[in-house]
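# Understanding the architecture of this molecule
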Amino acid sequence: MTAHTRYEDLARELGSVGAVRRELARNLPHDCPPAPAVVLTLLGRHGELRMTRLADLMAIDMSVTSRHVAYAVERGWVDRRPDPLDGRVRLLRLTGSGERMLAEMHRRTSDTLAHLLGDWPEEDVTRLTDLLARLRASFGDCGCGCRTAPRGTRPLPPQHPPAAHD
């Protein structure tokens, strides 16, 4: 098998991961759609963030990010406060209610994965977890195009992921 074919196979499998994400999203709390869930997850992972950084991490337009943040703020999951270094900028952070919602999301996701992967050997789950963490690290944590594409190719804009190949 050539390297090119391996990467084609990998691209095809990564495109199929959307089905896994959709199944996990179906098990989110009814009042927490996937996009606000990502807001909570990123704030839980990174702590306080500026809106611009959150938009970069989500790899979506600032206006769309703002709508998702507003949804979370309206429900009391996220708090906005002035940045002490620049009062014109707001910092976003999880509230206690947001931390509880994030914990509930994690519990539901873990329960779903345990149910669906219950017949997998523990070593396989551990290996998949390690490989996915390594894959994410290879791409960096930012969806802002800060990694360069190989010569002769043009990276897709972050808000337009490659089409799924099922």
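Up top is the structure.
So, on to the pairing of strand β2 (residues 78-83). Sheet analysis places β2 next to strand β3 (residues 86-94), joined by six bridges and oriented antiparallel. Each residue of the ladder has a partner; that of R81, found in β3, is L91. Counting the residues in the hairpin turn of β2 and β3 gives two residues.

Let's shift gears to the sheet that holds β2. The strand order across the open sheet formed by three strands is β1-β3-β2, and the pairing between neighbours is antiparallel. The two strands at the open ends of the sheet, each matched to only one other strand, are β1 (49-50) and β2. Relative to β3, β1 runs antiparallel, the two being bridged by two bridges. Within β3, the residue paired with L49 across the bridge is L92. Against the sheet, helix α4 (residues 62-74) touches β2 and β3, its axis set at about 115° to β2.

Below, the discussion takes up helix α2 (residues 34-46). Residue pairs three or four apart in sequence face the same way in an α-helix, which turns once every 3.6 residues. Relative to the 18 Å expected for 13 residues at 1.5 Å per residue, α2 spans 18 Å between its end C-alpha atoms, a close match to the ideal helical length. Three or more residues of α2 are buried, namely P36, A37, V39, L40, L42 and L43. Downstream of α2 by one or two residues, G47 has phi in the positive range, about 80°.

Aromatic rings considered in pairs are described by the distance between their centres and by the relative angle of their planes. Scanning the model with the defined rule gives one aromatic pair in all. Sitting above the plane of the Y71 ring, R75 keeps its charged end 3.4 Å from the centroid.

A word on the packing of helix α3 (residues 51-58) against α4. Packing of α3 against α4 leaves a shortest axis separation of 9 Å and a crossing angle of 105°. Classed by the angle they form, the pair α3 and α4 counts as roughly perpendicular. Taking contact as the criterion, the partners of M51, T52, L54, A55 and M58 in α3 are, on α4, M62, T65, S66, H68 and V69. Class assignment of the residues belonging to the contact of α3 with α4 gives a composition of six nonpolar, four polar and no charged.

A separate point is unusual backbone geometry. For residues that are not glycine, phi is negative in most cases, and the peptide bond is trans in most cases. Of note, the phi angle at A59 is positive, near 60°, even though the residue is not glycine. Tracing the backbone through its elements, the reader meets A59 in the loop between α3 and α4.

Procedures and definitions
- Residues numbered from 1 in each chain as written.
- Predicted model: local features only at pLDDT ≥ 70, side-chain atom pairs only at ≥ 80, totals over all residues.
- Heavy atoms only, no water.
- Pairing = 2+ DSSP bridges.
- Helix = DSSP H or I, 4+ residues; strand = E, 2+ residues; numbered from the N terminus.
- Contact = heavy atoms within 4.5 Å.
- Axes fitted to C-alpha atoms, helices over the stretch in contact; angles between N-to-C directions.
- Expected span 1.5 Å × (residues − 1).
- Buried < 20%, exposed > 50% of the residue type's maximum accessible area, 1.4 Å probe, protein only.
- Phe/Tyr/Trp six-rings, centres within 6.5 Å; stacked < 30°, edge-to-face > 60°.
- Lys NZ or Arg CZ within 6 Å of the ring centre and 35° of its normal.
- Parallel < 35°, antiparallel > 145°, perpendicular 65-115°, else oblique.
- Nonpolar A, V, L, I, M, F, W, Y, C, P; charged D, E, K, R; others polar.

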